[in-house]
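# Residue-level structure breakdown
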Amino acid sequence: MLIVGVVVVATGALAKGPSYPKAWDPRVAPIAQFVEKQRGLHWKHPVKVEFLADKQFVAAISQGDDSSGSPDDQSYVGAVRAFGLISGNVDLSKSSQDFQQTDVVGLYENNDRTVFVRGDTLNPNVRSVLAHELTHALQAQYFNLDKMRSGHQDDDSAVTALIEGDAVRVQNAYEQSLSSSDQQLLIQEQDQTGGQIDKSNSEQKIPQFLIDQGDFPYDFGPTFVAALVAEGGNDKVNAAFRDPPTLDSQIITPGSYAPGGRPPSVRAPVLPRGAHEIQSPSGFGQLPLTEMLGDEIGYPAAWSATRNWQQDQWIGYTVDGRSCVDLTVLSNSSGSAAGLLQAGEKWASHLPGARVTRSGAIVDFHSCDPGSAWKPAQSGDDTYTALATQSVLTYQLITDAHLSVPLATCTSDRLLTSVGLKELEAGEQATDPNSPAVQALQKQLPAAVQACSQTP
């Protein structure tokens, strides 16, 4: 998947040399025992935990960061702008650093075998973060997380979604085990933290696409892992860690993942003669493609055009000082490619000089930087929010309604279409089961399930 910045997530590299204590910190031991039982793996040794005040934590995760720009950085900004995913003048390096400093609340450092927690008071929120990060520490005792991330030709977004989704699953279970009073405190603390993060991201003008990329493992990963658990419990999750997903589409549509399966290949675009390469051939991804189109033609049309995405490759380069991109997309059929071509042509009409062509099941996109003054059309519902909301609903249908993975996926897709994004969000976020938003959603649910049950 296209990556526009380096965002620290749950495992990082802050120090060198493995070390671990002989015994658990008494404050941490009960949480470690919960993680062990929930995850179905036994600790091989205790793990060191450091509780850091806010400034200490930010200093720790910032070690080694260099937010200074360079000509190549600006060329890459132009390339991402050529896709229409960002607009205006953006410092991606600084935005990435600012984003991680506000959004990251815990970190398991794999090299030093240490969990770092943002907070020096063991309140419910810090304990929740500990459950998450200790899950990563336990994962690392059984699976080579670094090798998992580097064991494929493109980025590690799908692997990260698996790793994070597993940790969120255990974290959610731990939160549900808390007392009612602690759960109320947790909600208050998380709401406060979330508000501060949103305010900071807005003030620092961090591009929404960068935020979406950082959120992807946490918004979609839990649904992917819930699908694994529903089909085979921790054994199925462990199998996925041994043979992890490699495409973001496998995370977005969990039923498309099968251990041992190998995704199709697609030729990479050829670097034009005389061009200077700024991005070697790499995967772009179903989600960035859907967002790219959705910002110009709206979510429904974009998702309809990209849902049969199979694989892609893109390159970035400069010609006469202007950043350009070429993207080759493989659909599952010529008919699907024709639909993608039609959507692509509408997208291209919003970007000066962009063009889209088709050959069989292959669709080729070309665009150059439209400049910092260009603005996206922003058609309709936010594409990322729509897909993330659908993923959350799929999770609920799997875990609460106990629908099969294919049936839950189909049902959530139908509900998003029939009910609409705003109504679906309202129903998911409502705390009162008798609220109009929940009642409306429940009325639509049986029809959607029945329709999907009858779909071959």
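This text follows the structure it describes.
Overview of the structure. Nothing here was measured: the structure is a model prediction, and the numbers come from that model.

## Focus on the environment of L271
Relative to the helices and strands, L271 is located in the loop between helix 10 (248-252) and strand 5 (276-282). Along the primary structure L271 and D326 are separated by 55 residues, whereas in three dimensions their C-alpha atoms are 8.6 Å apart. Once you skip the residues sitting within four places of it in the chain, L271 turns out to touch E277, I315 and Y317.

## As for helix 14 (residues 383-399)
The terminal C-alpha atoms of helix 14, which comprises 17 residues, lie 25 Å apart, in line with the 24 Å expected from a rise of 1.5 Å per residue. Buried within helix 14 are the following residues: T383, Y384, A386, L387, A388, T389, Q390, S391, L393, T394, L397 and I398. Looking at the buried residues of helix 14, the elements they touch are helix 9 (208-242), helix 11 (286-297), helix 12 (299-306), helix 15 (405-419), helix 16 (421-429) and helix 17 (436-453).

## Describing the pairing of strand 6 (residues 309-319)
Across the 11 residues that make up strand 6, a large majority, 9, are buried. With 4 bridges connecting them, strand 5 and strand 6 associate as antiparallel partners. Note on strand 6: the bridge partner recorded for Q279 is G316. With 10 bridges connecting them, strand 6 and strand 7 (residues 322-331) associate as antiparallel partners. Looking at strand 7, one finds that D312 is bridged to V329. Hairpin connection, strand 6 to strand 7: the antiparallel pair is bridged by 2 residues, and D320 has positive phi, about 55°.

## What about the packing of helix 14 against helix 16?
The geometry of helix 14 relative to helix 16 is characterised by a closest axis approach of 10 Å and an angle of 45° between their N-to-C directions. It follows from the interaxial angle that helix 14 and helix 16 lie oblique. Relative to helix 16, the crossing made by helix 14 is left-handed. Together, T385, A386, T389, V392, L393 and Q396 of helix 14 and L421, L424, E425 and E428 of helix 16 make up the contact between the two elements.

## Overview of the state of the cysteines
Enumeration according to the criterion identifies 2 disulfides in this entry. There is a disulfide in this structure between C324 and C368, and the S-S distance comes to 2.0 Å. Between C324 and C368, the S-S torsion sits near 100°, and that sign places the bridge as right-handed. Of this pair, C324 sits in strand 7 while C368 sits in strand 9 (residues 362-368), and the two are 44 residues apart along the sequence. Each of the two residues, C324 as well as C368, counts as buried.

Rules used throughout
Residues numbered from 1 in each chain as written. Predicted model: local features only at pLDDT ≥ 70, side-chain atom pairs only at ≥ 80, totals over all residues. Heavy atoms only, no water. Helix = DSSP H or I, 4+ residues; strand = E, 2+ residues; numbered from the N terminus. Contact = heavy atoms within 4.5 Å. Expected span 1.5 Å × (residues − 1). Buried < 20%, exposed > 50% of the residue type's maximum accessible area, 1.4 Å probe, protein only. Pairing = 2+ DSSP bridges. Axes fitted to C-alpha atoms, helices over the stretch in contact; angles between N-to-C directions. Parallel < 35°, antiparallel > 145°, perpendicular 65-115°, else oblique. Left-handed = near helix turned anticlockwise from the far one by under 90°. Disulfide = S-S within 2.5 Å.

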